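# Examination of the molecular architecture
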Amino acid sequence: NEKAEPTSGVNANGVVPFTFTHLMSKVGFKFTNGVTANAAYTFNVTGVSFTGHDTIGTYTISTGAWEETVSASSAALSFGAAGAVAATAVNAPTTHQIIPGEQTLAVTVTYDIVYNGTTVKTGVEVKKSLTHDFAKGNVYTIVVELPAPGQPIQFSVEETNGIDAWTGGAANELK
């Protein structure tokens, strides 16, 4: 409901409440340990970012659609350091909103490999292309499975839920 339609008539506060929903897509990262055969391996994710996302677009209310006007930004969106990834999944500390639509992202993940508590390799940097059609108002988690040394890193995309809508209407809220 991108047009912020009224949810009902005038309420007890003399205000017509509206529900506002997001026109952007929200993206985050989650890391899993792909070394199931050897629990001695852990990973320390020191950085994750991507480029290639659209930076400017035009949203047309009458059609409810985004139109890309500038593509493939040069500035990377950084999601921070996720830290140690052992037996349980770890989320990156930051999420970002991006313009919806089919995007091909150039993802960079940097991590250290730890074996039995000793760092055996630092600064492993993996770059991988990921294409996905991001819908407006939705939240996406890019799941990164970190592999045993010598194995390829795996990506998948989960749609977790919609971005929370906001309904106004109390006396002290937006009128």
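An account of the accompanying structure is given in this report. In this text, all values refer to a predicted model and were calculated from it rather than measured experimentally. (Residues numbered from 1 in each chain as written. Predicted model: local features only at pLDDT ≥ 70, side-chain atom pairs only at ≥ 80, totals over all residues. Heavy atoms only, no water.)

### Re the nonpolar core
We apply this condition: As used in this record, nonpolar core signifies buried Ala, Val, Leu, Ile, Met, Phe, Trp, Tyr and Cys residues forming a set joined through side-chain atoms within 4.5 Å. Relative accessibility under 20% of the residue-type maximum defines a buried residue, over 50% an exposed one, and the middle range a partly exposed one, all with a 1.4 Å probe and only protein chains included. Contacts are assigned to residue pairs with any non-hydrogen atoms lying within 4.5 Å of each other.
Phe29, Phe31, Phe50, Val109, Tyr111, Val144 and Leu146 are the most contacted members of the largest nonpolar core, which has 31 residues in total. When near neighbours in sequence (up to four residues on either side) are disregarded, Leu146 contacts Phe31, Thr32, Asn33, Gly34, Val35, Phe43, Val45, Val85, Val109, Tyr111 and Ile153.

### Here's the deal with the pairing of strand β3 (residues 41-51)
Moving residue by residue along a regular strand, the side chains alternate between the two faces of the sheet. So the rule is basically this: Only strands joined by at least two bridges in the DSSP assignment are considered to pair. Under the DSSP-based scheme used, a helix requires at least four consecutive residues in state H or I and a strand at least two consecutive residues in state E, with every element numbered from the N terminus.
When β3 meets strand β10 (residues 101-115), the two strands line up antiparallel, connected through 10 bridges. The residue bridging Phe43 from the neighbouring strand is Ile113, located in β10. Here β3 runs beside strand β7 (residues 83-85); their pairing, made up of three bridges, is antiparallel. Residue pairing in the sheet places Phe43 in a bridge with Val85 of β7. As judged from the two bridges shared by β3 and strand β6 (residues 77-78), these two strands associate in the antiparallel manner. Paired with Ser49 across the strands is Ser78, a residue of β6.

### A short note on the pattern of salt bridges
To be explicit about the condition: The salt bridge definition used is simple: a Lys or Arg side-chain nitrogen within 4 Å of an Asp or Glu carboxyl oxygen.
Per the counting criterion, the structure on display carries two salt bridges. Note that Lys30 is salt-bridged to Glu158, the shortest N-O span being 3.6 Å. Of the two residues, Lys30 sits in strand β2 (residues 25-33) while Glu158 sits in strand β13 (residues 154-162), which places them 128 residues apart along the sequence. Two residues, Lys127 and Glu125, come together in a salt bridge whose shortest N-O distance is 3.9 Å. Assessed through its relative accessible area of 62%, Lys127 is described here as exposed.

The values reported here are purely geometric and, on their own, carry no functional implication.
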